[in-house]
Amino acid sequence: MPVAGALCHLKILELTDKGDGVGRIDGIPLYVEGALPGEEIEAELTLVKPNYLHGRLQRVLEPSEHRVADFCAHTDCGGCQVRTLAYPAQLEYKHQLVVKALHQQGLQAEVLPVLGMEHPFAWRNKAQFAVRPTGNGPAIGFYRKHSHELVACDDCAVQDPFHETLLARLRQWIASEGVSAYDETQHSGELRHVMTRKGFATGEWMLVLVTRSETLPGEAALLALLADLPLTTVVHNIHPEPGNRVLGATNRVLCGDGVITDRLHDLEFVISPLSFYQVNPRQTDVLYGKALEFAGLTGDETVFDLYCGIGTISLFLAQQAARVVGIELVAEAIADARRNAERNDIHNVEFHIGQAEVVVPELYAAGERADVVVVDPPRKGCDAALLRTLVEMAPQRLVYVSCNPQTLARDLAWLCQHGFALDGVQPVDMFPHTLHVEVVARLRRA
Ligand code: SAH
């Protein structure tokens, strides 16, 4: 039996869905972060259990043909787990993640090749930096993997380079005004998070500063320091509760309108701080294009857009359908959605606030029917009560947009056992260098 601390030589056989390389020592799987399939490596054993082992990569003896130079100077935030895998191999890996998830649920549908990016860098339009106390004063950065320590990542390769300037100014403000960092163990101190969002098509920037209490220390000094930066709006968000959630419920607008706008194709969207908006706008175009194609609208249909956020998909659907009903849990997002419909002069759409699994059964009981349904749930997938109602309602087509292949496969398998047939699966790479993959699937009434 191997012991912790021992050095092992092994060949890596595959990449797990957590992005770790896995090989075998005496038949026992050994998981090694950073090791790639096909590689001969040396690893130090860090954990020994009867059925599995963990190791730390010491040396790559024989590199994979798909290994590329590490583009990250920080390496510790845990964000870009597969960045040393060449981009085409990342897309192949994500394709396999989707194929495996579907197979595990007994689904045999063909999975189309993953639609990737031409230039998979600086793709994020949103950043969330934590602020925590250190011996040298407040630190701003991303959490180190598996910990609540911070890594300074001002020049993150998947974020916009503007953060280097912005964070330098914020550190200046923190130092000159003696702003304290939030201490999550004591629930004391002030500044908790810094969030930014950019409209890629408009160039508009939103800055949100999250504090524990209602006053923002050194507010006037802060606004003076930021005055020459291209910020469209600055918002103070108040988050008095303990816990990991980034944003609190209350916003105070410090400058601008408290929102930014962005454009996707021919439509404009207003986005407020608490609303969801896809983080990779270039690929959002690709994703929504596929969702729309899969919806196969002729202009006569009533369409439900469930989990609709600020109404982005709803408004694209509305241009090709008779009527669209959008449903979303977050009230601020629905307020944005209604503004967005007005702004784009689209009037065949209505929005409801609430849980899809509550509102859809109510609408169905009241006699509403959809010809086509689009769902885009969070990672946990659709609630069973919603799926049951969709099966009863039996729309002609159902388009499922998912950020989690496991829950997607679970829900698709159930729908296929209850009167639907799966006839299209298109993954889209919304999150280059990470383990995440977005999928659009099409079901038709069997
Ligand atoms: N389709 C939108 C949003 C997708 S993200 C877009 O492309 O931008 C998922 C959305 O579901 C989020 O806006 C979240 O607030 C919302 N949500 C989460 N649980 C929900 C539920 N049970 N019912 C309705 N909406 C929900």
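Residues numbered from 1 in each chain as written. Predicted model: local features only at pLDDT ≥ 70, side-chain atom pairs only at ≥ 80, totals over all residues. Heavy atoms only, no water.

Description of the sheet that holds strand β17 (residues 323–328)
Think of a sheet as strands paired side by side through backbone hydrogen bonds, with each pair either parallel or antiparallel. How we decide: Only strands joined by at least two bridges in the DSSP assignment are considered to pair. A helix here means a DSSP run of H or I that spans at least four residues, while a strand means a run of E at least two residues long, and both kinds are numbered starting from the N terminus. The convention used is that axes are lines fitted to C-alpha atoms, helices contributing only their stretch in contact, and that angles between N-to-C directions extend from 0 to 180 degrees. In what follows, residue pairs with any heavy atoms lying within 4.5 Å of each other are defined as contacts.
Strand order across the open sheet formed by seven strands is β18-β17-β16-β19-β20-β22-β21, with mixed pairing between neighbours. Every interior strand has two partners, whereas the edge strands, β18 (349–353) and β21 (420–428), have only one. Here the average twist between neighbouring strands, direction ignored, is 15 degrees. Sheet analysis places β21 next to strand β22 (residues 438–445), joined by eight bridges and oriented antiparallel. Among the inter-strand pairings, V428 is bridged to a residue of β22, identified as E438. Its contacts with the sheet place helix α4 (residues 281–295) against β19 (372–375), β20 (397–402), β21 and β22, and it is angled at close to 5 degrees to β22.

Observations concerning the domain arrangement of the protein
The condition is simple: All the domain ranges listed were derived from an automatic or database domain assignment. What gets called buried area is simply the loss in accessible area from a 1.4 Å probe that two parts show on being joined, summed for both. Salt bridge criterion: a side-chain nitrogen from Lys or Arg within 4 Å of a carboxyl oxygen from Asp or Glu. Pairing of N or O atoms within 3.5 Å defines a polar contact, subject to two protein rules: one partner must be a possible hydrogen donor and the other a possible acceptor, and residues neighboring in sequence count only if both atoms are side-chain atoms. Any residue outside Ala, Val, Leu, Ile, Met, Phe, Trp, Tyr, Cys, Pro, Asp, Glu, Lys and Arg is labelled polar, Gly included; the first ten of those are nonpolar and the last four are charged.
Domains assigned within the protein are domain 1 (7–62), domain 2 (90–119 + 280–445) and domain 3 (126–264). The C-alpha centroid of domain 3 is placed 32 Å from the C-alpha centroid of domain 2. At the interface, nine residues of domain 2 touch six residues of domain 3. Between domain 2 and domain 3, the buried area comes to about 630 Å², and carbon and sulfur atoms account for 72% of it. Seen at the junction of domain 2 and domain 3, the total is zero salt bridges. The interface formed by domain 2 and domain 3 holds zero residue pairs in polar contact (both at pLDDT 80 or more) in total. Where the side of domain 2 that touches domain 3 is concerned, the elements lending two or more residues are α4, α5 (312–318) and α6 (331–343). When the residues that make up the side of domain 2 that touches domain 3 are grouped by side-chain class, the tally is three nonpolar, three polar and three charged.

What about the site of the ligand?
For clarity, the cut-off: Throughout, near means a residue has at least one heavy atom within 4 Å of the molecule or strand. In these tables, accessible area is a Shrake-Rupley quantity obtained with a 1.4 Å probe, and a residue counts as shielded only by the protein chains included in the view.
The environment of the ligand is made up of 17 residues, and the closest members are Q278, Y288, E328, A356 and D376. Note that a nitrogen atom of the ligand is positioned 3.2 Å from one of the backbone N or O atoms of L329. Here the ligand loses 90% of its free accessible area of 580 Å² to cover by the protein chains. The class makeup of the residues in the shell around the ligand is nine nonpolar, five polar and three charged.

Some words on the sheet that holds strand β4 (residues 28–33)
Strand order in the open sheet formed by six strands is β1-β5-β6-β4-β3-β2, with mixed pairing between adjacent strands. Sheet topology places β1 (7–11) and β2 (14–15) at the edges, where each strand pairs with a single neighbour. Where β4 and strand β6 (residues 53–62) come together, three bridges link them in parallel fashion. Residue pairing across strands places Y31 opposite H54, the latter belonging to β6.

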